[in-house]
Amino acid sequence: MAKLTIMDHPLIQHKLSLIRQKDRGAKEFRELVEEVAMLMAYEVTRHLPLKEVEIETPVAIAKTNILAGKKLGVVAILRAGLGMISGFVKLIPAAKIGHIGIYRDPDTLEPVEYFSKLPQDVADREILVVDPMLATGGSASAALSVLKNKGARQIKLVVLVAAPEGVARIQKDHPDVEIFTAALDEGLNDHAYIIPGLGDAGDRFFGTK
Ligand SMILES: O=c1ccn([C@@H]2O[C@H](COP(=O)(O)O)[C@@H](O)[C@H]2O)c(=O)[nH]1
Ligand SMILES: O=P(O)(O)OP(=O)(O)O
Ligand SMILES: [Mg+2]
């Protein structure tokens, strides 16, 4: 079963509380999502392999560590996932970026795919899929299937807020995909919005409602 990690770093928790507040304007919302995404990128890359190299400091030769060069990709589920990309890329500038466009049909709540553009070598990269909200899990499950159909095998899912229903869906459909979230909320309302959640992340980020 997919492992679930709740990122309880105090800075992540504090900033998420600010993001959740309904009167938070789009400007601050965007800034905070970027900051939290950066902190999450820091946590989710803890396992990256290092290699020892020799460098010359102003004082002496030092044996020290650098990243071993594992290839990474960050894939945003549009639109809301776009908001997390800049935070990830600030910490992992060499990562390639992919986009998968999915919206939820407002009546059926089923995911509707409308776009996909991924790095060509997606199968050779560790892929970090980002979307602020994991509600029913339909969107993330569909995005993970798109990636697997293109050959991706090492995938992690990174969200700001998850509902237990969404976690269960990913653990059932994609038991190999580790999930990272800043919060595990109570559940879903009748329109499949996360309670208490933060509303529609895409609309809040882009100011479309
Ligand atoms: O509270 C919410 C719930 C969902 N979203 C948006 O929907 C998808 C995820 O929904 P699933 O039911 O898991 O498919 C996510 O991409 C968000 O864009 C939301 O913003 N707020
Ligand atoms: O999942 P949705 O329908 O909320 O899509 P978007 O991220 O474009 O708001
Ligand atoms: Mg939306």
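This report concerns the structure included in the present document. Only a predicted model underlies this, so the values are computations on that prediction, with no experimental measurement involved. (Residues numbered from 1 in each chain as written. Chains lettered and ligands numbered in written order. Predicted model: local features only at pLDDT ≥ 70, side-chain atom pairs only at ≥ 80, totals over all residues. Heavy atoms only, no water.)

Here the focus is the site of ligand 2. Around ligand 2, the neighbouring residues are Leu78, Arg79, Ala80, Tyr103, Arg104, Asp200 and Gly202. A distance of 3.2 Å is found between an oxygen atom of ligand 2 and a backbone nitrogen or oxygen belonging to Ala80. Taking Asp200, its side chain carries an N or O atom lying 3.2 Å from an oxygen atom of ligand 2. Protein contacts shield 78% of the accessible area of ligand 2, which totals 280 Å² for the unbound molecule. Most atoms of ligand 2, that is more than half of them, are within 2 Å of grid points of the largest pocket. Its residues assigned to classes, the shell around ligand 2 shows 3 nonpolar, 1 polar and 3 charged. (Near = heavy atom within 4 Å. Polar contact = N/O pair within 3.5 Å; in protein donor to acceptor, adjacent residues only side chain to side chain. Areas by Shrake-Rupley, 256 points an atom, 1.4 Å probe, with all protein chains shown as cover. 1 Å grid on protein atoms, 1.4 Å probe; cavity = no way out; pocket = protein on both sides within 12 Å on 5 of 7 lines; lining within 4 Å. Sits in = over half its atoms within 2 Å of the grid points. Nonpolar A, V, L, I, M, F, W, Y, C, P; charged D, E, K, R; others polar.)

Here we take up the packing of helix α1 (residues 10–20) against helix α2 (residues 26–44). At a minimum axis distance of 9 Å, the contact between α1 and α2 shows a crossing angle of 155 degrees. Taken together, the axes of α1 and α2 are roughly antiparallel relative to one another. Taken as a pair, α1 and α2 cross one another with a handedness that is left-handed. Contact with α1, carried on its side by Leu11, Ile12, Lys15, Leu16, Leu18 and Ile19, involves Phe29, Leu32, Val33, Glu35, Val36, Leu39, Met40 and Glu43 of α2 and no other residues of that element. Each residue belonging to the contact of α1 with α2 can be placed in one class, and the counts come to 11 nonpolar, no polar and 3 charged. (Axes fitted to C-alpha atoms, helices over the stretch in contact; angles between N-to-C directions. Helix = DSSP H or I, 4+ residues; strand = E, 2+ residues; numbered from the N terminus. Parallel < 35°, antiparallel > 145°, perpendicular 65-115°, else oblique. Left-handed = near helix turned anticlockwise from the far one by under 90°. Contact = heavy atoms within 4.5 Å.)

Another aspect to go through is the pattern of salt bridges. By the definition in use, this model includes 17 salt bridges. The salt bridge involving Lys70 is made with Glu126; its shortest N-O contact spans 3.9 Å. Here Lys70 is found in the loop between β3 (61–67) and β4 (72–78), whereas its partner Glu126 is found in strand β7 (residues 126–130), with 56 residues between them in sequence. Judged by its relative accessible area of 33%, Lys70 falls in the partly exposed class. Salt-bridge contacts for Glu126 lead to Lys156; the nearest nitrogen and oxygen are separated by 3.1 Å. Of the two residues, Glu126 sits in strand β7 while Lys156 sits in strand β9 (residues 154–162), which places them 30 residues apart along the sequence. By the burial criterion, Glu126 is buried, and Lys156 matches it. Overlapping salt bridges, with partners in common, bring together Lys70, Glu126 and Lys156 in one network. (Salt bridge = Lys/Arg side-chain N within 4 Å of Asp/Glu carboxyl O. Buried < 20%, exposed > 50% of the residue type's maximum accessible area, 1.4 Å probe, protein only.)

Lining the immediate environment of ligand 1, one finds 16 residues, of which Asp131, Thr136, Ser139, Gly199 and Ala201 sit closest. Gly137 is positioned with one of its backbone polar atoms (N or O) 2.8 Å from an oxygen atom of ligand 1. Contacts to ligand 1 include Ala201, whose backbone N or O atom sits 2.8 Å from an oxygen atom. Within the complex, 94% of the 460 Å² of free accessible area of ligand 1 lies under protein. Mapping ligand 1 onto the cavity grids shows that it belongs to the largest pocket. Of all the secondary-structure elements, those providing two or more residues to the shell around ligand 1 are β8 (133–134) and α4 (138–149). Among the residues forming the shell around ligand 1, the class breakdown is 8 nonpolar, 5 polar and 3 charged.

Of the volumes computed, that of the largest pocket is approximately 590 Å³. Only β4, β5 (96–104), β8, α4 and α6 (201–206) provide two or more residues apiece to the lining of the largest pocket. Per-class residue counts for the lining of the largest pocket are 16 nonpolar, 7 polar and 4 charged. Looking at the second largest pocket, its volume works out to about 280 Å³. In this structure, the second largest pocket is lined by 15 residues; those nearest its centre are Leu48, Leu67, Lys70, Leu72 and Ile92. Tallied by class, residues from the lining of the second largest pocket come to 10 nonpolar, 2 polar and 3 charged. (Points joined across faces, edges and corners; volume = space filled by probe spheres on them.)

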